[in-house]
Amino acid sequence: VQLQASGGGLVQAGGSLRLSCAASGFSFDDYDIGWFRQAPGKEREFVATINRSGGNPYYTDSVKGRFTISRDNAGNTVYLQMNSLKPEDTAVYYCAATQTAYGYVLNNVREFDYWGQGTQVTVSS
């Protein structure tokens with residue numbers, strides 16, 4: 001299982017970025033995918049998740065209305081569209097995958113088994 005996150009960069013507050021998570025080495029549509037982020041000195045935190053069929057998008061409160069998670073199962077890719085970015089969104093963003101069908105919306109690092117390497121997002125004020 002390999003996950004490759006990309007699309008990070010430096011953007012001014014109010015700007016937008018689209019992160020991509022390219023998957024390989026497994027049956028992509030058998031896995032739920034999540035995005036997490038980790039700022040310096042802080043724990044890794046949940047951002048958004050989407051189930052294996054592309055439904056039930058779920059977001060942490062701080063990004064609701066600004067971020068959108070989506071997936072292209074044919075292209076083995078998950079996206080995180082980030083609009084109206086704020087300096088507090090600055091972090092390394094990670095995508096993660098799990099095959100376990102928990103039966104509820106996932107939002108915890110312990111629920112995910114495979115992780116990408118992360119992509120840096122920096123939002124300047």
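Residues numbered from 1 in each chain as written. Predicted model: local features only at pLDDT ≥ 70, side-chain atom pairs only at ≥ 80, totals over all residues. Heavy atoms only, no water.

**Focus on the packing of aromatic side chains**
Here is step 1: Applying the stated criterion across every chain yields a total of nine aromatic pairs.
Here is step 2: An angle of 55° between the planes, with centres 6.2 Å apart, marks the rings of F26 and F28 as tilted. Taken as a pair, F26 and F28 share a single burial class, namely buried.
Here is step 3: Plain terms: the ring middles of F26 and Y31 are 4.5 Å apart, the flat faces sit at 65° to each other, and that makes the pair edge-to-face. When sorted by exposure, F26 lands in the same class as Y31, which is buried.
Here is step 4: Among the aromatic residues, ring-to-ring pairing joins F36, F46, Y58, F112 and W115 into one connected group.
Here is step 5: The ring of W115 has R44 sitting right over it, with the charged end atom 4.9 Å from the ring centre.
Here is step 6: A cation over an aromatic ring shows up here: R71 above the ring of F28, its NZ or CZ 4.3 Å from the ring centre. (Phe/Tyr/Trp six-rings, centres within 6.5 Å; stacked < 30°, edge-to-face > 60°. Buried < 20%, exposed > 50% of the residue type's maximum accessible area, 1.4 Å probe, protein only. Lys NZ or Arg CZ within 6 Å of the ring centre and 35° of its normal.)

**So, the layout of surface pockets**
Here is step 1: Counted as a void, the largest pocket has a volume near 170 Å³.
Here is step 2: What lines the largest pocket is simply D32, T49, I50, N51, R52, N56, A101, Y102, G103, Y104, V105 and L106. (1 Å grid on protein atoms, 1.4 Å probe; cavity = no way out; pocket = protein on both sides within 12 Å on 5 of 7 lines; lining within 4 Å. Points joined across faces, edges and corners; volume = space filled by probe spheres on them.)

**Notes on the environment of L19**
Here is step 1: With respect to the helices and strands, the residue L19 is situated in strand β3 (residues 17-24).
Here is step 2: The class of L19 is buried, set by a relative accessible area of 0%.
Here is step 3: In sequence terms L19 and F46 are 27 residues apart; their C-alpha atoms lie 15 Å from each other.
Here is step 4: Here L19 is in contact with S6, G7, G8, W35, V78, Y79, L80, M82, Y93, T119 and V121, once residues within four sequence places are set aside. (Helix = DSSP H or I, 4+ residues; strand = E, 2+ residues; numbered from the N terminus. Contact = heavy atoms within 4.5 Å.)

**Regarding the environment of V121**
Here is step 1: Here V121 is to be found in strand β11 (residues 119-124).
Here is step 2: For V121, a relative accessible area of 0% gives the class buried.
Here is step 3: Linking V121 and D29, residues 92 residues apart in sequence, is a C-alpha distance of 27 Å.
Here is step 4: Setting aside its immediate chain neighbours within four residues, V121 contacts G8, G9, L17, L19, M82, D89, T90, A91 and Y93.

**Here we look at the side chain of T119**
Here is step 1: Here T119 is to be found in strand β11.
Here is step 2: The exposure class assigned to T119 is buried, which follows from its relative accessible area of 10%.
Here is step 3: Within the local environment of T119, its side chain forms a polar contact with the backbone nitrogen of G8, the two atoms lying 3.1 Å apart.
Here is step 4: Look past the residues within four positions of T119 in its chain and what remains in contact with it is A5, S6, G7, G8, L19, A91, V92 and Y93. (Polar contact = N/O pair within 3.5 Å; in protein donor to acceptor, adjacent residues only side chain to side chain.)

**Observations regarding the nonpolar core**
Here is step 1: Counting residues in each nonpolar core, the largest one holds 29 residues, and the members touching the most others are W35, L80, M82 and Y93.
Here is step 2: Among the elements of the structure, β1 (2-6), β3, β4 (32-38), β5 (45-50), β7 (67-72), β8 (77-82), β9 (91-98) and β11 are those that each provide at least two residues to this core.
Here is step 3: Sequence-distant contacts of M82, defined by excluding residues within four places in its chain, comprise G15, S16, L17, L19, R66, F67, Y93 and V121.
Here is step 4: With five residues, the next largest nonpolar core counts F36, F46, A96 and L106 among its residues. (Core = buried A, V, L, I, M, F, W, Y, C linked by side-chain atoms within 4.5 Å.)

Function-wise, these values are silent; they only describe arrangement.
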